[in-house]
Amino acid sequence: MQFGGALQADGSHVFPVRVYYEDTDFSGNVYHAAYLKFFERARTEFLRAHDVHHQKLFDEEGIAFAVRSMQIDYDRAAHIDDILEATTSVLEMKGSRFILEQILRRGEDVITRAKVVAVTMKANGRPTRLPERLRARFGG
């Protein structure tokens, strides 16, 4: 898999994650907050794979993405030195919000699952519709 992951035929994105010592607690298990970092990196690479870059989008259109809510389920523990894959998929797009599903796997085992509600907003913090050109890139 290439650096930054790979866009799949169905529009989902797979991003590799290696677990480092800094991601773990005293027992060698991944600390719960580290999963949020893994998912954040995977979402950023998902956007890049769709040719959407945070800074460029903000500089050119004054639009930013923000996480409004996240539901996360921890199914298994990941451990130091594990090689994981984070898959990001769009579940729904409506108005200024879009809902993503993220699944972190070690081989065939599901480690953690998240449902992320993100919104597009202007620099003033007000919601704005996801532009049609971006909606089309995400398959909507």
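Residues numbered from 1 in each chain as written. Predicted model: local features only at pLDDT ≥ 70, side-chain atom pairs only at ≥ 80, totals over all residues. Heavy atoms only, no water.

Looking at an unreviewed UniProt entry, the protein chain carries the name Acyl-CoA thioester hydrolase, with the source organism given as Maritalea myrionectae. Per its UniProt entry, the protein chain bears the Sequence similarities (unreviewed entry) comment "Belongs to the 4-hydroxybenzoyl-CoA thioesterase family." (UniProt positions renumbered as here; feature names shortened; annotations may be inferred.)

Visitor: What is the right way to look at the pattern of salt bridges in this model?
Guide: Side chains bearing opposite charge may pair, as long as their charged atoms lie close to each other. All told, the structure shown has nine salt bridges when counted by the stated rule. The partner of Glu 61 in a salt bridge is Arg 133, with the nearest N and O atoms 2.2 Å apart. Taken together, the residues Glu 61 in helix α2 (residues 54-61) and Arg 133 in helix α3 (residues 132-137) connect sequence positions 72 residues apart. Arg 133 gets classed as partly exposed once you look at its relative accessible area, which sits at 39%. Put simply, Arg 106 and Asp 82 hold a salt bridge, and the shortest N to O gap is 2.7 Å. One end of the pair, Arg 106, is in strand β5 (residues 97-106); the other, Asp 82, is in the loop between β3 (63-74) and β4 (83-94), and 24 residues separate them in sequence. Assessed through its relative accessible area of 14%, Asp 82 is described here as buried. In the salt-bridge network here, residues are joined through shared partners; they are Asp 73, Asp 75 and Arg 113. (Salt bridge = Lys/Arg side-chain N within 4 Å of Asp/Glu carboxyl O. Helix = DSSP H or I, 4+ residues; strand = E, 2+ residues; numbered from the N terminus. Buried < 20%, exposed > 50% of the residue type's maximum accessible area, 1.4 Å probe, protein only.)

Visitor: Would you take a moment to explain the packing of aromatic side chains for this structure?
Guide: Each pair of aromatic rings is reported with the distance of its centres and the angle of its planes. In this structure the tally under the stated criterion is five aromatic pairs. Between Phe 46 and Phe 138, the aromatic rings sit 5.6 Å apart at their centres with planes inclined by 20°, giving stacked as the arrangement. Taken together, the positions of Phe 46 in helix α1 (residues 32-49) and Phe 138 in the segment after α3 put the pair 92 residues apart, joining distant regions of the chain. For the pair Phe 98 and Phe 138, a centre-to-centre distance of 6.0 Å together with 25° between the ring planes defines the contact as stacked. With Phe 98 in strand β5 and Phe 138 in the segment after α3, this pair connects stretches of sequence that are 40 residues apart. Taken as a pair, Phe 98 and Phe 138 share a single burial class, namely buried. By way of ring pairs, the aromatic residues Phe 46, Phe 65, Phe 98 and Phe 138 are connected into one cluster. (Phe/Tyr/Trp six-rings, centres within 6.5 Å; stacked < 30°, edge-to-face > 60°.)

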